[in-house]
Amino acid sequence: MSSIASQSIKGFIWSAVERFSLQGVQFFIGIVLARLLSPSDFGMIGMLTIFLSISQIFVDCGFSNALIREKEVTDQDYGTAFLLNFLISVACFGILFAIAPFVADFYQLPELELVMQVVSLTLIINALFTVHKAKLSRAVDFKTQSKASFGAALLSGIFGVVLAYCGFGVWSLVWQSIANSVLNLLIFSVLLRWFPKPCFNKASFHSLFSFGSKLLVSSLIHSVYSNLYNLVIGKKFTATDLGFYTRADHLSSFPSLNVASILSRVTFPILSKLQDDNEKLLSVYKKYLQVSCFLIFPLMIGLCVLAKPTIIILLGEKWSGAILLMQILCFSSILDPVCNINLNLLYVKGRSDLVLKLEIIKKTIAIIILFTSMRYGLVGMCVGRALYGFIATFLNMTYTRSFIDLSIWGQVKLLASSFVLSLSMGGVIWLVMNLFSSDGLQLATGILTGVAFYFAVAYLLKMNPLRLLIELKNRRHA
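Residues numbered from 1 in each chain as written. Predicted model: local features only at pLDDT ≥ 70, side-chain atom pairs only at ≥ 80, totals over all residues. Heavy atoms only, no water.

Remarks on the overall build of the chain
Scanning the chain from N- to C-terminus turns up 20 helices and 0 strands. In the chain, which comprises 478 residues, the proportion classed as buried is 56%. Considering only intrachain contacts with a sequence separation of at least 6, the fraction spanning at least 24 residues in the chain is 85%. Of the roughly 20,400 Å² of accessible surface on the chain, a fraction of 67% belongs to carbon and sulfur atoms. (Helix = DSSP H or I, 4+ residues; strand = E, 2+ residues; numbered from the N terminus. Buried < 20%, exposed > 50% of the residue type's maximum accessible area, 1.4 Å probe, protein only. Contact = heavy atoms within 4.5 Å. Areas by Shrake-Rupley, 256 points an atom, 1.4 Å probe, with all protein chains shown as cover.)

As structure tokens, this is what we get:
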């Protein structure tokens, strides 16, 4: 168990470094771009997200997770995955290039045609380093990934800002995306000093596809749903409205998405090694669950309360239409780490068939909620997303309880103390921030008060997640 703890600490630290350095750069670059560009520029890119996201899932085909999960991986496995990733990316690029005029007609934005055709090049470029990332994830080597991702994000971000400053508008976002993909490919190739040899092995294909195909379908269902909001808002409302929504979604999901991504990337390869030892699997699973929620709950509640000063200070008054949307969407993302850890348990048990079944059930409910909430405008649609987040978490818990000796109520009890404390912290922040009229003072005092209150009460109550974090810190320095 000590080696598992060591791997967890090392993996978590470097995964966190990669995610937060990468997202920190992208976040800062996004703020600068938001001040230079208009909401409609971001809205135009948001309209294309569903097409690019679905294509990217087809390109991966679930092979990345299949490679990570396999106990032993050969060069033929890597070569087969690489070849198929590349061929599918070329096919997807061709399809998106061909349908671009129809997409532009659908949104009634002629300029969208060329934008879609050019930005689709990222699919081919990204396919060339997908296997590199899977190989590094198998080794729980997030240090190398952090170097590549950070360097690419920083350089491409600067490039995008220069273009935006020079008046390139939406094209600054397009060329920034392409530059990021090219730089990632170059840096991964240099740092890893390895490139898969393209080949096709029938046995490798069947092994990877038998697991990955079900993940492909479940990922497609999830991606279609996630991006369906952009499609519906882009068609039903204006590009500016979609810009408000995408910025609100980006800001509200920033903490949960990053924490969930870090934990997912670290827990999947580690839990995979424990797939045959249910006792250890349950012990590690409970610790991951408690620690993730102890960290994410206060971040999301705090962000919800401080939404107004955050948006006004970071983006400016022209983005005030995103404030209420962001506050509601914070509750849509708050349980993301719980969902991801539960799904990882199904992955490591090799039950991608259940993941697919679960996605079909969840997204059927989600689509019903989406089209029911449309009549209530953007606010109603965001409330619907928040409602779905809680339903999805409950369903995930229902399925995983059959593999571990932990009921739904048992999982809820593990999370309850962190949730109640986070709500209390939110109330304290709200009281303190309303003593000031300045947005800057509201944000500063709100953050300081929230952090001090949360950790002081957690320490006084001797909460188990805080104890686990302290133990992990002491082990790292031991």
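Additional details are given in the paragraphs that follow.
Some points on the side chain of S120
Mapped onto the fold, S120 is located in the loop between α5 (112-119) and α6 (121-127). Relative accessible area serves as the criterion here: at 0%, S120 is assigned to the buried category. Look past the residues within four positions of S120 in its chain and what remains in contact with it is L52, F93 and L96.

What to know about the nonpolar core
One finds L33, L112, I311, L346 and L415 to be the most contacted residues of the largest nonpolar core, which totals 138 residues. Sorting elements by how many residues they give to this core places helix α12 (residues 278-305) first, with 15 residues. With residues up to four places along the chain from it excluded, the contact list for I311 reads L251, G316, W319, A322, I323 and M326. (Core = buried A, V, L, I, M, F, W, Y, C linked by side-chain atoms within 4.5 Å.)

A word on the pattern of salt bridges
According to the stated counting rule, one finds 4 salt bridges in the structure shown. For K308, the salt bridge goes to D439, with nearest N and O atoms at 3.2 Å. One end of the pair, K308, is in helix α13 (residues 307-314); the other, D439, is in helix α19 (residues 439-460), with 131 residues separating them in the sequence. By relative accessible area, which is 18% here, D439 ends up buried. (Salt bridge = Lys/Arg side-chain N within 4 Å of Asp/Glu carboxyl O.)

Topic: the packing of helix α2 (residues 39-60) against α5
Two numbers describe how α2 lies on α5: the axes approach to 11 Å, and their chain directions differ by 50°. Of the possible angle classes, the one that applies to α2 and α5 is oblique. Relative to α5, the crossing made by α2 is right-handed. Counted together, M44, I45, M47, L48, F51 and L52 of α2 and L112, V115, M116 and V119 of α5 form the full contact between these two elements. Of the residues that constitute the contact of α2 with α5, the class distribution is 10 nonpolar, no polar and no charged. (Axes fitted to C-alpha atoms, helices over the stretch in contact; angles between N-to-C directions. Parallel < 35°, antiparallel > 145°, perpendicular 65-115°, else oblique. Left-handed = near helix turned anticlockwise from the far one by under 90°. Nonpolar A, V, L, I, M, F, W, Y, C, P; charged D, E, K, R; others polar.)

Section: the packing of aromatic side chains
Applying the stated rule across the entire model yields 12 aromatic pairs. Taken together, a centroid distance of 6.2 Å and an interplanar angle of 10° make the contact between Y229 and Y245 stacked. With Y229 in helix α10 (residues 202-236) and Y245 in helix α11 (residues 239-273), this pair connects stretches of sequence that are 16 residues apart. Exposure class is identical for Y229 and Y245. Each is buried. On the numbers, 5.6 Å between centres and 85° between planes, the contact of Y454 with F455 is edge-to-face. Given a relative accessible area of 1%, Y454 falls into the buried group. (Phe/Tyr/Trp six-rings, centres within 6.5 Å; stacked < 30°, edge-to-face > 60°.)

Brief notes about the side chain of Q117
For Q117, the location among the structural elements is in helix α5. Aside from chain neighbours lying at most four places away, what touches Q117 is F93, F97, A100 and P101.

Some words on the packing of helix α7 (residues 130-138) against helix α9 (residues 170-192)
For any two helices packed against each other, one specifies the crossing angle of their axes together with the interaxial distance. Packing of α7 against α9 brings their axes to within 10 Å, and their N-to-C directions diverge by 45°. Comparing their axes, α9 and α7 come out oblique. Helix-helix and strand crossings are classified by hand; for α7 and α9 the assignment is left-handed. Contacts from H132, K133, K135 and L136 in α7 reach F188, S189 and L192 in α9. Of the residues contributing to the contact of α7 with α9, the split by class is 3 nonpolar, 2 polar and 2 charged.

So, the confidence of the model for the chain
Detailed reading of predicted coordinates is not advised where the pLDDT is low. In the predicted model, the chain carries a mean pLDDT of 83, and 88% of its residues have values of at least 70. Ranking the elements of the chain by mean pLDDT puts helix α1 (residues 2-36) last, at 65, and α19 first, at 94. (pLDDT = per-residue confidence, 0-100.)

Some details on unusual backbone geometry
One non-glycine residue, Q108, adopts positive backbone phi at about 60°. The phi dihedral of K462 is positive, around 55°, even though this residue is not glycine. In this structure, K462 sits in the loop between α19 and α20 (464-477). Look at K462 and you get exposed, because its relative accessible area is 74%.

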